[in-house]
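A look at the structure
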2 protein chains.
Amino acid sequence: MRTVIQIARAAARKILLVALLGTCCADLARAQADPLPSWNDGPAKKAITDFVARVTRSGGADFVPIAERIATFDNDGTLWSEQPIYFQFQFALDRVKALAPKHPEWKTRQPFKAVLEGDLKALAASGEKGLAELVMATHTGMTTEEFARTVAEWLSEARHPRFKRPYTDLVFQPMLELLAYLRANGFKTFIVSGGTVEFMRVWAERVYGIPPEQVVGTTFLTQFEMGKDGKPALMREPKIEFIDDGPGKPVGINKFIGRRPVLAFGNSDGDHQMLQWTAAGGGARLMGLVHHTDAEREWAYDRESHIGRLDKALDEATARHWVVVDMKQNWKVIYPFQK
Amino acid sequence: MRTVIQIARAAARKILLVALLGTCCADLARAQADPLPSWNDGPAKKAITDFVARVTRSGGADFVPIAERIATFDNDGTLWSEQPIYFQFQFALDRVKALAPKHPEWKTRQPFKAVLEGDLKALAASGEKGLAELVMATHTGMTTEEFARTVAEWLSEARHPRFKRPYTDLVFQPMLELLAYLRANGFKTFIVSGGTVEFMRVWAERVYGIPPEQVVGTTFLTQFEMGKDGKPALMREPKIEFIDDGPGKPVGINKFIGRRPVLAFGNSDGDHQMLQWTAAGGGARLMGLVHHTDAEREWAYDRESHIGRLDKALDEATARHWVVVDMKQNWKVIYPFQK
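Residues numbered from 1 in each chain as written. Chains lettered and ligands numbered in written order. Predicted model: local features only at pLDDT ≥ 70, side-chain atom pairs only at ≥ 80, totals over all residues. Heavy atoms only, no water.

**Focus on the overall build of chain A**
A tally of regular secondary structure across chain A gives 15 helices and seven strands. For chain A, the C-alpha atoms occupy an extent of roughly 95 × 55 × 40 Å along the three principal directions. Per-residue burial for chain A yields a buried fraction of 53% across its 339 residues. For chain A, the proportion of contacts with a sequence separation of at least 24, taken over those separated by at least 6, is 65%. When the accessible surface of chain A is totalled, it reaches about 15300 Å², and 55% of it is carbon and sulfur. Of the charged side chains in chain A, 44 are positive and 41 negative; the average position of the first set lies 6 Å away from that of the second. (Helix = DSSP H or I, 4+ residues; strand = E, 2+ residues; numbered from the N terminus. Buried < 20%, exposed > 50% of the residue type's maximum accessible area, 1.4 Å probe, protein only. Contact = heavy atoms within 4.5 Å. Areas by Shrake-Rupley, 256 points an atom, 1.4 Å probe, with all protein chains shown as cover. Lys, Arg positive; Asp, Glu negative; His and termini not counted. Charge placed at Lys NZ, Arg CZ, Asp CG, Glu CD.)

**Comments concerning the confidence of the model for chain A**
Residues and elements named next belong to chain A. In the predicted model, chain A carries a mean pLDDT of 93, and the fraction of residues at 70 or more is 91%. Predicted confidence is poor over residues 21–25, with pLDDT under 50, and the contacts of this stretch with residues over four places away or in other chains come to six contacts. This prediction of the complex comes with two scores: 0.90 for pTM and 0.89 for ipTM. (pLDDT = per-residue confidence, 0-100.)

**As for the packing of helix H3 (residues 43–56) of chain A against helix H9 (residues 173–184) of chain A**
Residue and element names in this part refer to chain A. One can describe the packing of H3 onto H9 by two numbers: an axis separation of 11 Å at closest approach and a directional angle of 15 degrees. Between H3 and H9, the angle falls in the class roughly parallel. Considering how the two elements wind past one another, H3 and H9 form a crossing that is right-handed. Mapping the contact onto sequence places Ile48, Thr49 and Val52 in H3 and Leu178, Tyr181 and Leu182 in H9. (Axes fitted to C-alpha atoms, helices over the stretch in contact; angles between N-to-C directions. Parallel < 35°, antiparallel > 145°, perpendicular 65-115°, else oblique. Left-handed = near helix turned anticlockwise from the far one by under 90°.)

**Points about the sheet that holds strand S2 (residues 188–196) of chain A**
Residues and elements named next belong to chain A. Taken together, the seven strands give an open sheet; going across it, the order is S4-S3-S2-S1-S5-S6-S7, and neighbouring strands pair in mixed fashion. The open sheet has two free edges, formed respectively by strand S4 (232–242) and strand S7 (323–326), since each of these has just one partner strand. Ignoring which end each strand starts from, the neighbouring axes of this sheet average 30 degrees apart. Pairing between strand S1 (residues 70–73) and strand S5 (residues 263–266): three bridges, direction parallel. Within the sheet, the bridge partner assigned to Ala71 lies in S5 and is Leu263. Packed onto the sheet, helix H14 (residues 312–319) meets strand S6 (286–291) and S7 and runs at close to 130 degrees relative to S6. (Pairing = 2+ DSSP bridges.)

**Here's the deal with the environment of B:Gly60**
Tracing the backbone shows B:Gly60 in the loop between helix H3 (43–56) and strand S1 (70–73). Placed 259 residues apart in sequence, B:Gly60 and B:Ala319 show a C-alpha to C-alpha distance of 27 Å.

**Some thoughts on the packing of aromatic side chains**
The tally for this structure, following the rule as stated, stands at 41 aromatic pairs over all chains. Between the aromatic rings of B:Trp80 and B:Phe87, the centroid separation amounts to 4.7 Å while the plane-to-plane angle is 65 degrees, which identifies the pairing as edge-to-face. With respect to burial, B:Trp80 and B:Phe87 carry one shared label: buried. Put simply, the rings of A:Trp80, A:Phe87, A:Phe91, A:Phe147, A:Trp154, A:Tyr167, A:Phe199, A:Trp203 and A:Tyr208 pair up and form one aromatic cluster. The ring of A:Phe147 carries the charged tip of A:Arg236 above its face, separated from the ring centre by 3.9 Å. Lying across the ring of B:Trp299, B:Arg162 places its NZ or CZ 4.7 Å from the centre. (Phe/Tyr/Trp six-rings, centres within 6.5 Å; stacked < 30°, edge-to-face > 60°. Lys NZ or Arg CZ within 6 Å of the ring centre and 35° of its normal.)

**Some words on helix H12 (residues 248–257) of chain B**
Counting along an α-helix, one turn takes 3.6 residues, and residues three or four places apart therefore face a common direction. Counted residue by residue, H12(B) has 10 buried out of 10 residues, so it is predominantly covered. For H12(B), the complete set of buried residues consists of B:Gly248, B:Lys249, B:Pro250, B:Val251, B:Gly252, B:Ile253, B:Asn254, B:Lys255, B:Phe256 and B:Ile257.

**Structural notes on the pattern of salt bridges**
Applying the stated criterion across every chain yields a total of 38 salt bridges over all chains. Linking A:Arg54 and A:Asp62 is a salt bridge whose minimum nitrogen-to-oxygen distance equals 3.0 Å. The exposure class of A:Asp62 is partly exposed, given its relative accessible area of 27%. Several salt bridges share partner residues, and in doing so they unite A:Lys188, A:Arg259, B:Glu205 and B:Glu213 into one network. (Salt bridge = Lys/Arg side-chain N within 4 Å of Asp/Glu carboxyl O.)

**Considerations on the sheet that holds strand S5 (residues 263–266) of chain B**
Residue and element names in this part refer to chain B. As summarised here, the arrangement of the seven strands in space is S4-S3-S2-S1-S5-S6-S7, forming an open sheet in which the pairing is mixed. Only two strands of the sheet have a single partner each, and these edge strands are strand S4 (232–242) and strand S7 (323–326). When strand polarity is set aside, the average angle formed by the axes of neighbouring strands in this sheet is 30 degrees. With four bridges connecting them, S1 and strand S2 (residues 188–196) associate as parallel partners. In the strand pairing of S2, Ile70 is matched with Lys188.

**Considering the pairing of S5(B)**
All names here are of chain B. On S5, burial covers both faces: Leu263 and Phe265 on one face and Ala264 and Gly266 on the other are all buried. Taken together, the four bridges between S5 and strand S6 (residues 286–291) define a ladder with parallel strand orientation. Among the inter-strand pairings, Ala264 is bridged to a residue of S6, identified as Met287.

Given below as structure tokens:
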């Protein structure tokens, strides 16, 4: 008799355990396996897991309440690749080509002529002013919904010149794991990018699990208009409203999030002030840089690069012992399709 | 023997049930009691609970996935009172008095002189320009952290002239219940207010359960500065960057949230475009207005009021059968301290 009751009790306990694991503690169970399987063991991985352990240890000196676990990530070069040119700039170039039939004047007008003829030298000569003109012509003058549709269409068709894959395949598998690991530990993950908000929001949720309301970036002026049909629309105007880069990143964090991050990751000098702002908060902090050191599997560049230049931030990271991820040494795989 | 096993199985099932209820389904259990106890039964309450039932019914025609359950609320007059003057404006007036010893020139300079002498006529005569000057002098020229401290201090000391209570006591109990009810049903609740973001963020989490990153509002220009001590700061500049009112509300929603709300609540014509923008989305939608009809327990005002004027939005709400909450008829209590 006793034995049967004991068996029944054990069964009950087992069911209870399964029920608990299946609901509240699935994250915990996962966390007990290696949460960062694409990261080689070493100082970078250890710094990250030690930090998460410290800030989540209830009653510990470095404990951070869940509401304050804000983690911010640069996008280009930090969460996905940015070579040979920023992917959003490739979108602009492709859009110029797609829109050209409606703009016969572009055949003779720079910088459009250079884009249509593939004349990179003339394109470079058009400088920042030329670049801004391309962005305005392809990113504004339509409603927010029309723009989102255009981005989605481009993503489904465009292929990266080196990897012959959709651009959204070129996200970093180790960073996807880091995002998921942080979220499983109560962090709210944000993008804080120099790219424009509405370009990223189209795909950030599907690709990174980061919802639109957690994407901070450069914004264009937008106007509310009531259509003649009684349907309101938001029109994208050819005017940049806010540049979320360099010193703009802490400003953007303050404006959109309103809390100082406890963890921030970037890869270039454009992220320097975001890391400084994060570091200057009280209590435990983690500042990280992705250092592109892998010419074979991805690209290798830093101090002399025109894209994603990493110079002053690398010096400060070294001096202050921030986490510097050596892509070649620290990452087992770069992209999800290489798993 | 069989009986014992059956008993044991029943015990196991009971433990399982308790475990499940204790973890995932506490919200469900609460929702089965009246989720809006301070609302009288009637069309407003029914419209809200019917809407929530429809959009959360898995497989139903109006089902809305959790990620898209965005609910936006105006603040002044919708979540808390706004009479006899906007509470944030009272903060500005009190700050002028507190800062006056450092500004002897204010004794002879309008609109400051009017504030210091309590001369409401002269204050009104200074118009919008005078008002803007008062706001700039009290809201800018300091770091974001200094400003937040000032707001927190003011809230702890200031008392509302009619109710002799802290301003944060004058939030609407029925709206607190609505916020909690929506969150229990998977909604993400946002403030979208003409008030300034950093004034509200200081207390919105404690009072409404709305975290800083879910507060949208008017913003001042802010600049990143590196101090001589190597500590970075964000300085609040005397320039309004974005006005989150009227047509600015859908713009602010698009900029900060990036998704169209499925539910929006306001109380004045300043919320009209937010409601129109919400209504113009596909699928189930709920647009609501708080109509101040209770001169005895709160205030009664609408079409002729200088504060929270409700005229065109009321006409459209009536024509399109949006929810109009009659404060006097629909709400059992106004403030939490009256419960």
